[in-house]
Amino acid sequence: MLIEGALKSGYVDWRHWLPCDSAVAMPSERQGDPPPFTRSTAREAGWQWRIPLQHRDGNGYVYSSAHLGHDDAVANLTERLPGKALADPNRLRFVAGHRRVIWNRNCVAIGLAGGFLEPLESTSIHLIQTAIIRLLALLPRDGFDPGVAARFNRETINEVERIRDFVIAHYALAGRDDTDFWRDIAAAPIPDSLAERIAVFRATGNILFEPGDLFGPTNWYCVLAGQGARALSWHPIADGLAPEELARRLATLRGRVAEQLAELPPHTAYLASLAR
Ligand SMILES: Cc1cc2nc3c(=O)[nH]c(=O)nc-3n(C[C@H](O)[C@H](O)[C@H](O)COP(=O)(O)OP(=O)(O)OC[C@H]3O[C@@H](n4cnc5c(N)ncnc54)[C@H](O)[C@@H]3O)c2cc1C
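Since this is a predicted model, take the numbers as computed values, not measurements. (Residues numbered from 1 in each chain as written. Predicted model: local features only at pLDDT ≥ 70, side-chain atom pairs only at ≥ 80, totals over all residues. Heavy atoms only, no water.)

### Remarks on the pairing of strand 3 (residues 39–43)
Heads up, the condition is: What makes two strands pair is DSSP finding at least two bridges between them. Runs of H or I in DSSP of at least four residues are treated as helices and runs of E of at least two as strands, each being numbered from the N terminus.
The pairing of strand 3 with strand 4 (residues 46–52) spans five bridges and is classified as antiparallel. The residue bridging Thr 41 from the neighbouring strand is Gln 48, located in strand 4. Remark: two residues form the turn of the hairpin made by strand 3 and strand 4, two consecutive strands paired antiparallel.

### Section: a nonpolar patch on the surface
Basically, it comes down to this: Residues form patches when they are more than 30% accessible in relative terms and have no salt bridge. Like charges link within 9 Å. Nonpolar side chains (Val, Leu, Ile, Met, Phe, Trp, Tyr) link within 5 Å. Note on areas: Shrake-Rupley with a 1.4 Å probe; residue coverage comes only from the protein chains shown. The working definition used for a salt bridge is a side-chain nitrogen of Lys or Arg within 4 Å of a carboxyl oxygen of Asp or Glu.
Together, Leu 246, Leu 250, Leu 253, Val 257, Leu 261 and Leu 264 line one region of the surface with nonpolar side chains, adding up to about 560 Å² of accessible area. Along the chain, the position of Leu 250 falls in helix 8 (residues 243–263).

### Some remarks on the layout of surface pockets
As a reminder of what qualifies: Space inside and on the surface of the protein is sampled on a 1 Å grid over the protein atoms alone, with a cavity defined as a set of points where a 1.4 Å probe fits but cannot get out and a pocket as an open set with protein on both sides within 12 Å along at least 5 of 7 lines; lining residues have an atom within 4 Å of a point. Grid points are joined across faces, edges and corners, and a volume is the space filled by probe spheres set on the points. Side-chain classes are defined by residue name, with Ala, Val, Leu, Ile, Met, Phe, Trp, Tyr, Cys and Pro counting as nonpolar, Asp, Glu, Lys and Arg as charged, and the others, Gly among them, as polar.
Size it by volume and the largest pocket reaches roughly 410 Å³. Lining the largest pocket are 17 residues, and of these Trp 47, Trp 49, Ile 51, Pro 119 and Ser 122 sit closest to its centre. Contributing elements (two or more residues each) for the lining of the largest pocket: strand 2 (22–29), strand 4 and helix 3 (124–138). Here the element with the most residues in the lining of the largest pocket is strand 4; it accounts for three residues. Residue classes in the lining of the largest pocket are distributed as twelve nonpolar, five polar and no charged.

### A look at the sheet that holds strand 3
Under the convention used in this document: Angles shown run from 0 to 180 degrees and are taken between the N-to-C directions of axes, each axis being a line fitted to C-alpha atoms and, for helices, limited to the stretch in contact.
With antiparallel pairing, the five strands of this open sheet are ordered in space as 3-4-5-2-6. The open sheet has two edge strands with one neighbour each: strand 3 and strand 6 (90–93). Recorded for the sheet is a direction-independent mean angle of 20° between the axes of neighbouring strands. Across four bridges, the pairing between strand 2 and strand 6 is antiparallel. Bridge pairing links Ser 22 to Arg 93 in strand 6.

Structural data, given as structure tokens:
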């Protein structure tokens, strides 16, 4: 109403990179013990989430409405529910992107008012929190200095662009070509900033890390390597470590992880202890 209706701030639309613009959500009955992770599964026109709670599973299908109709999305999700549906499907619509001017005069758009990134990495609440912290740091006492707002806007947009690249990497490297959706994804260009990260990783085995990145090298490595991107070389400092020594250190590390794991309670027991 204010940021767009009154102030005409504009919107940077990322649908050419992130074509999913719809979701259908439906809870289902819990089957067995909840696993300690959310499962995201690539589907014909997007992906499906399954979030295990103690008393039910949250399920949803995030899809591109240009590639799949709402009724088909509901049918596909219903067919793949892990248990009996507990409610009617809830439909959501969104446009990936952000307000062109997020802090505009005396109006600051935070949360859904400021933009949207699909929930593949569940980053919305984090972005709300960091925007509030940034706003508190820059909160003016007298008037609204355009320089202060420009700084807020630059940092906020930088942060969301880095997350955008991380989300796009899941799609761009998926290598699927079995439906129009995945063929369109494969044919679409990617942001220069993401292309650079992938190129540097391939050439050096290194992940660029920028201050303020929400997703660090470990996260990026999991997505890049997990989606099949291979580093063609490694950092020269690694040559200083003999292969036998590397194997010994990794074996020690593996042993320590196994020791820690053996001491941890099963997920269900841990949840029960929290609820007591
Ligand atoms: C199924 C689902 C799962 C999600 N999972 C995650 C997750 O795991 N992690 C994560 O980070 N994010 C998640 N999100 C996203 C997250 O919930 C939202 O990004 C966040 O709630 C947005 O907060 P908001 O305050 O901007 O908007 P909202 O929470 O929508 O709040 C806006 C409020 O404004 C009110 N309102 C609207 N118009 C008016 C008006 N004209 N006058 C007065 N009041 C008005 C509305 O009633 C509402 O209460 C999920 C979202 C969905 C739908």
